[in-house]
Amino acid sequence: MPGPLPRPSASDRPADPHVPVLIDAILRECAPVAGVWLDGTLGAGGYARALLAAGAERVIGVDRDPLALRMAADWAAPYGDRVRLVAGTFSDLDQLAGEALDGVVLDLGVSSMQLDQAERGFSFMKDGPLDMRMSQSGDSAADLVNTAAEAVLADILYHYGEERASRRIAHAIVAARGVEPIVTTARLAEIVAKCLPRPKPGQSHPATRSFQAIRIAVNAEFEELAEGLMAAERALKPGGLLAVVTFHSLEDRIVKRFFQLASGQEANANRYAPARADTEARFEMVTRKAVAPDDAEIARNPRARSAKLRVGRRTQAPARAIAPADLGLPEFQKKGRR
């Protein structure tokens, strides 16, 4: 058995507490909250604590970020055995849970506490090492940016960030790293910004899409999402609920497609594909369409502006795997590094 988690230091704590996005909508759509839930993106624990307060018997908190688990060692202690903390990725949530679940909640993307810490290298707004690793292990963003072939970088920027200037930016990155390695967020942001027009007032920073794409690639976020949705399907009891909060169109497209296929709409999802006979619904949709934050929530928490919530209820039909391509994951050949 692993030893106790180290307690967080003052420097581990973000300046502002994480505000759980769309939590009121989740509790409303999933009412009554009861039984055993798994929070697959524990973060600062906002969802987990809200679920416990709403009536969950126990919550299993999963996160691949060691900081989240160090922080949770403090706030989870008063809950006793009602909270179980697990290090891992939500793509393995059925194995990590070790029991059938009444609910699963996933809050996708990067967390506020990760963005707020310059040393984590997620944000172009704060200069820091070019890292972006949620698990704080494995290859970093600097490794990717400084070793990937130009064509691979262009594919990542285009498919994961929908960056139309992907080839121009990839070429600039390769040219710049030929002079000296790119090791800070400020340097990468500067390289990207020089490839794009100066933003007009109210427009996002020119590096926004590129940073998103590189972060997704470093953390294999789309692959994790596809596997996590199927793991939740395997783990949930009949009647169990899956609630997923997304923050950009690429994530939401994958989640929407999963629920389309898993709720028996597979034959209609692609009008050019032949109808399939094995379309027994494994989920019933609780939310007919994505739920967005209202104006009051956006005023309280600007991070919620682009959020969307989708909720499905598990049926008794046996779980079935879905091919990543059928979920609309970006398809491009990973040509490797050289």
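What you see is a predicted model; the values in this text were computed from it and never measured. (Residues numbered from 1 in each chain as written. Predicted model: local features only at pLDDT ≥ 70, side-chain atom pairs only at ≥ 80, totals over all residues. Heavy atoms only, no water.)

A.B. asks: Would you explain the packing of helix α7 (residues 150–161) against helix α10 (residues 208–218) in this entry?
C.D. replies: The geometry of α7 relative to α10 is characterised by a closest axis approach of 8 Å and an angle of 100 degrees between their N-to-C directions. Classified by the interaxial angle, the pair formed by α7 and α10 is roughly perpendicular. In contact with Ile156, Leu157, Tyr160 and Gly161 of α7, α10 contributes Arg209, Ser210, Gln212, Ala213, Ile214, Ile216 and Ala217. Residues belonging to the contact of α7 with α10 are distributed by class as follows: 7 nonpolar, 3 polar and 1 charged. (Axes fitted to C-alpha atoms, helices over the stretch in contact; angles between N-to-C directions. Helix = DSSP H or I, 4+ residues; strand = E, 2+ residues; numbered from the N terminus. Parallel < 35°, antiparallel > 145°, perpendicular 65-115°, else oblique. Contact = heavy atoms within 4.5 Å. Nonpolar A, V, L, I, M, F, W, Y, C, P; charged D, E, K, R; others polar.)

A.B. asks: Got a minute to help me understand the packing of helix α9 (residues 185–194) against α10 in this structure?
C.D. replies: Relative to each other, α9 and α10 sit at 125 degrees, their axes nearing to 9 Å. For the element pair α9 / α10, the angle class is oblique. The element α9 and its partner α10 pack so that their crossing is right-handed. Counting all contacts with α9, which are made through Thr185, Leu188, Ala189 and Val192, the residues of α10 involved are Ser210, Phe211 and Ile214. For the contact of α9 with α10, a count of residues per class yields 5 nonpolar, 2 polar and no charged. (Left-handed = near helix turned anticlockwise from the far one by under 90°.)

A.B. asks: In this structure, what is going on with the pairing of strand β2 (residues 58–63)? I would like to understand it.
C.D. replies: The side chains of a regular strand alternate, residue by residue, between the two faces of the sheet. Across the 6 residues that make up β2, a large majority, 5, are buried. Pairing analysis gives 4 bridges linking strand β1 (residues 36–39) to β2, with the strands arranged parallel. Residue pairing in the sheet places Trp37 in a bridge with Val59 of β2. Bridge count for β2 against strand β3 (residues 83–87) is 5 bridges, and the pairing is parallel. What sits directly across from Ile60, in β3, is Arg84. Following the chain from β2 across helix α3 (residues 66–75) to the adjacent parallel β3, one finds a crossover that is right-handed. (Buried < 20%, exposed > 50% of the residue type's maximum accessible area, 1.4 Å probe, protein only. Pairing = 2+ DSSP bridges. Right-handed = clockwise from strand over helix to strand, strands pointing away.)

A.B. asks: I tried to follow α7 on my own but got confused; where do I start?
C.D. replies: One turn of an α-helix holds 3.6 residues; hence residues three or four places apart share an orientation. For α7, spanning 12 residues, the distance from its first C-alpha to its last is 16 Å, which sits close to the expected 16 Å at 1.5 Å a residue. Val152, Leu153, Ala154, Asp155, Ile156, Leu157, Tyr160 and Gly161 are the residues of α7 that are buried. Backbone geometry just after α7 places Glu162 at a positive phi near 50 degrees. (Expected span 1.5 Å × (residues − 1).)

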